[in-house]
Amino acid sequence: MSKLEVRQVSKIYGKNPDRCLRLLDQGLTKQEIQKKTGMTVGVGSANFSVESGEIFVIMGLSGSGKSTLVRMLNRLIKPTSGQIFMDGKEVTAMNKRDLRQLRRSGISMVFQHFALSPHRTVRDNAAYGLEIQGVPKKERTERAKKALATVGLKAYESSLPSELSGGMQQRVGLARALASDTDILLMDEAFSALDPLIRKEMQDQLLDLQDEMQKTIIFITHDLDEALRIGDRIALMRDGRIVQLGTPEEILIHPANDYVAHFVEDVNLSKVITAGRIMSRPDAMQVGRGPRVALELMNDSGISSIFVVDRGKKFLGVVDAERAAEAAKKGQSCRNIVREVETVSEDTVLNDLFEQISKASLPLPVVDERGRLVGMVRRASVIHALAGIAAPRDTEVKS
């Protein structure tokens, strides 16, 4: 079951929303409906789900409906139609009491503007949400201090917001959300007011925090580079509708229409496409099969070296034909001639591979988090990927 599920959710501003919904079903655009009825489509028939631990980015230009959509998730804005489910419970059917409970313990929000009380200390600002919830002072202070330490502000607990930089103030806002310890974080243009350098630092910190805490994050932004950098998946909006939903690579490589293609045309693909996307089947053998088998496999494949794995497919290194032939004459095993080589992970972007692959005489071995060989990246695959040509994805390891 998904952490969050949105089904056919729309928000119409006007006196006859039912008429507007019928026109939406007929495929009319926001502009056509505005001209025909005088009503405004804030969001039209949004459908998506968010998995637990995912960073799900909703992006689009000003007026695309992204902020309206995120505010419907916790019912700050009431949907005109559709259903929203959180952990299987229907948010759109909740009464006021259940909604208050949801906002206190299930979902928290970080806004673009820090909304810090200037006369409260950093610690008290971080604890403010807990104070509203009625959490005892000792407990909320401890939780606030822990959250501030998590975002790197332990030394500033007693400071006032005016004594902090813009990036540090935004971290207080993030700490306030973390102190509530909700499963879901809604972040509405959270970094948009920050200078570019500070913004990148906050993106890095968010990714580091996510590795540690595994929250479910719905992140709103108008910045494509930010969306591509932090998003596991992206919902790209235009005129109230989601025009494409997919991973950053899917949106860049397979844009759904001309609008999306134009939107992403200036993106540097090397900073988005990963080794896992372009890796191909690795030439590999189990280490126990011996140097003669290694020579035979190399001969059959027309290669002069081969990757070596153990029985669990954990990557050990590479064996070349010259050393294999010498070992075969001496009756040695492959374990004695395996040469270690540098590996890459599936999520390594091509931009971080250029220097490595330019110096390597062999394809780069790709391993998973357990060190198992899952593929290899050839130099030609990198070139093809940057030219927009798909690479093969058969990653079966020979045994």
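Everything quoted here is computed from the prediction, not taken from an experiment.

Quick notes on the rules
- Residues numbered from 1 in each chain as written.
- Predicted model: local features only at pLDDT ≥ 70, side-chain atom pairs only at ≥ 80, totals over all residues.
- Heavy atoms only, no water.
- Domains from an automatic or database assignment.
- 1 Å grid on protein atoms, 1.4 Å probe; cavity = no way out; pocket = protein on both sides within 12 Å on 5 of 7 lines; lining within 4 Å.
- Points joined across faces, edges and corners; volume = space filled by probe spheres on them.
- Helix = DSSP H or I, 4+ residues; strand = E, 2+ residues; numbered from the N terminus.
- Nonpolar A, V, L, I, M, F, W, Y, C, P; charged D, E, K, R; others polar.
- Contact = heavy atoms within 4.5 Å.
- Pairing = 2+ DSSP bridges.
- Axes fitted to C-alpha atoms, helices over the stretch in contact; angles between N-to-C directions.
- Buried < 20%, exposed > 50% of the residue type's maximum accessible area, 1.4 Å probe, protein only.
- Parallel < 35°, antiparallel > 145°, perpendicular 65-115°, else oblique.
- Left-handed = near helix turned anticlockwise from the far one by under 90°.
- Polar contact = N/O pair within 3.5 Å; in protein donor to acceptor, adjacent residues only side chain to side chain.
- Core = buried A, V, L, I, M, F, W, Y, C linked by side-chain atoms within 4.5 Å.
- Salt bridge = Lys/Arg side-chain N within 4 Å of Asp/Glu carboxyl O.

Caption draft 1: Region of the structure containing the domain arrangement of the protein chain. Segmenting the protein chain into domains produces domain 1 (4–106 + 182–267) and domain 2 (276–395). A straight line from the C-alpha centre of domain 1 to that of domain 2 covers 41 Å.

Caption draft 2: Empty space enclosed by the protein, seen in detail. The full count for this structure, using the stated rule, is one cavity of 30 Å³ or more. Its boundaries defined by the atoms lining it, the largest cavity holds a volume of some 50 Å³. Leu-174, Leu-178, Leu-185, Leu-206, Leu-209, Gln-210, Met-213, Lys-215 and Ile-217 are the residues that line the largest cavity. Those elements giving two or more residues to the lining of the largest cavity turn out to be α8 (166–179) and α9 (196–213). Ranked by residues supplied to the lining of the largest cavity, first place goes to α9 with four residues. Counted by class, the lining of the largest cavity contains seven nonpolar, one polar and one charged residues.

Caption draft 3: Expanded view of the environment of Ile-12. Mapped onto the secondary structure, Ile-12 falls in strand β1 (residues 4–13). For Ile-12 and Thr-40, which are 28 residues apart along the polypeptide, the C-alpha to C-alpha distance reads 5.9 Å. For Ile-12, the contacting residues outside a window of four places in its chain are Pro-17, Cys-20, Leu-21, Leu-24, Met-39, Thr-40, Val-41, Val-43 and Thr-80.

Caption draft 4: Quick peek at the sheet that holds strand β11 (residues 284–286). Judged by pairing direction, the sheet is mixed, and its three strands sit side by side in the order β11-β12-β13 without closing on themselves. Taken across any chain shown, the strands that pair with only one partner, and hence form the sheet edges, are β11 and β13 (315–320). Within this sheet the neighbouring strands show an average axis-to-axis angle of 35°, counted without direction. Pairing of strand β12 (residues 305–309) with β13, which is carried by five bridges, proceeds in the antiparallel orientation. Residue pairing across strands places Val-308 opposite Gly-317, the latter belonging to β13. Those strands touched by helix α14 (residues 291–301) are β11, β12 and β13, and its axis lies near 130° from that of β12.

Caption draft 5: Just the pairing of strand β3 (residues 55–59), in detail. Buried residues dominate β3, accounting for five of its five residues. Neither face of β3 is open: one carries Ile-55, Val-57 and Met-59, the other Phe-56 and Ile-58, and all of them are buried. Of the pairings in the sheet, the one linking β3 to strand β8 (residues 216–221) comprises five bridges and is parallel in character. The residue of β8 that forms the bridge with Val-57 is Phe-219. Where β3 meets strand β9 (residues 233–238), four bridges bridge the pair, whose relative direction is parallel. Among the inter-strand pairings, Val-57 is bridged to a residue of β9, identified as Ile-234.

Caption draft 6: Broad picture of the sheet that holds strand β5 (residues 89–90). The four strands are arranged β2-β1-β4-β5 in an open sheet whose pairing can be described as antiparallel. At either end of the open sheet lies a strand with only one pairing partner, and these are β2 (40–50) and β5. Across seven bridges, the pairing between β1 and β2 is antiparallel. Bridge pairing in β2 places Tyr-13 opposite Thr-40.

Caption draft 7: Here's a closer look at the pairing of strand β15 (residues 364–367). With burial as the criterion, each face of β15 is covered, one bearing Leu-364 and Val-366 and the other bearing Pro-365 and Val-367. As paired strands, strand β14 (residues 344–345) and β15 are joined by two bridges and run parallel to one another. Residue pairing for β15: Val-344 is matched across the bridge by Val-366. Taken together, the four bridges between β15 and strand β16 (residues 373–377) define a ladder with antiparallel strand orientation. For Pro-365, the partnering residue across the bridge sits in β16 and is Met-376.

Caption draft 8: Structural view of the packing of helix α1 (residues 17–25) against helix α2 (residues 30–37). Where α1 contacts α2, the two axes come as close as 10 Å, and the packing angle between them is 140°. If you check the angle between α1 and α2, you find them oblique. Crossing hand, α1 versus α2: right-handed. Between α1, through Arg-19, Cys-20, Leu-23 and Leu-24, and α2, the contact on the second element is made entirely by Ile-33, Lys-36 and Thr-37. In terms of residue class, the contact of α1 with α2 is built from four nonpolar, one polar and two charged.

Caption draft 9: Representation of the side chain of Ser-10. Looking at where Ser-10 falls in the secondary structure, it is placed in strand β1. The buried category is assigned to Ser-10, whose relative accessible area is 1%. Separated by 2.8 Å, the side chain of Ser-10 and the backbone nitrogen of Ser-45 make a polar contact.

Caption draft 10: Expanded view of the nonpolar core. In terms of nonpolar packing, the biggest core is built from 47 residues, with Val-57, Met-59, Leu-174, Met-187, Phe-191, Phe-219 and Val-264 touching the most fellow members. Here the element with the most residues in this core is α8; it accounts for seven residues. Beyond its immediate stretch of four places on either side in the chain, Met-187 contacts Val-110, Leu-174, Leu-206, Ile-217, Ile-218, Phe-219 and Ile-220. If you look at the next biggest cluster of nonpolar residues, it comprises 28 residues, including Val-9, Phe-48, Val-50 and Met-94.

Caption draft 11: Quick peek at the pattern of salt bridges. On inspection of all chains with the given rule, the structure shows 19 salt bridges. With a shortest N-O distance of 3.1 Å, Lys-3 and Asp-87 are connected by a salt bridge. With Lys-3 in the segment before β1 and Asp-87 in the loop between β4 (81–86) and β5, the pair connects residues that are 84 residues apart, well separated along the chain. Using a relative accessible area of 37% as the deciding quantity, one classes Asp-87 as partly exposed. Asp-283 is the salt-bridge partner of Arg-378, the closest N and O atoms lying 3.5 Å from each other. On the criterion of sequence distance, the pair formed by Arg-378 in the loop between β16 and α17 (379–386) and Asp-283 in the loop between α13 (275–278) and β11 is long-range, its members being 95 residues apart.

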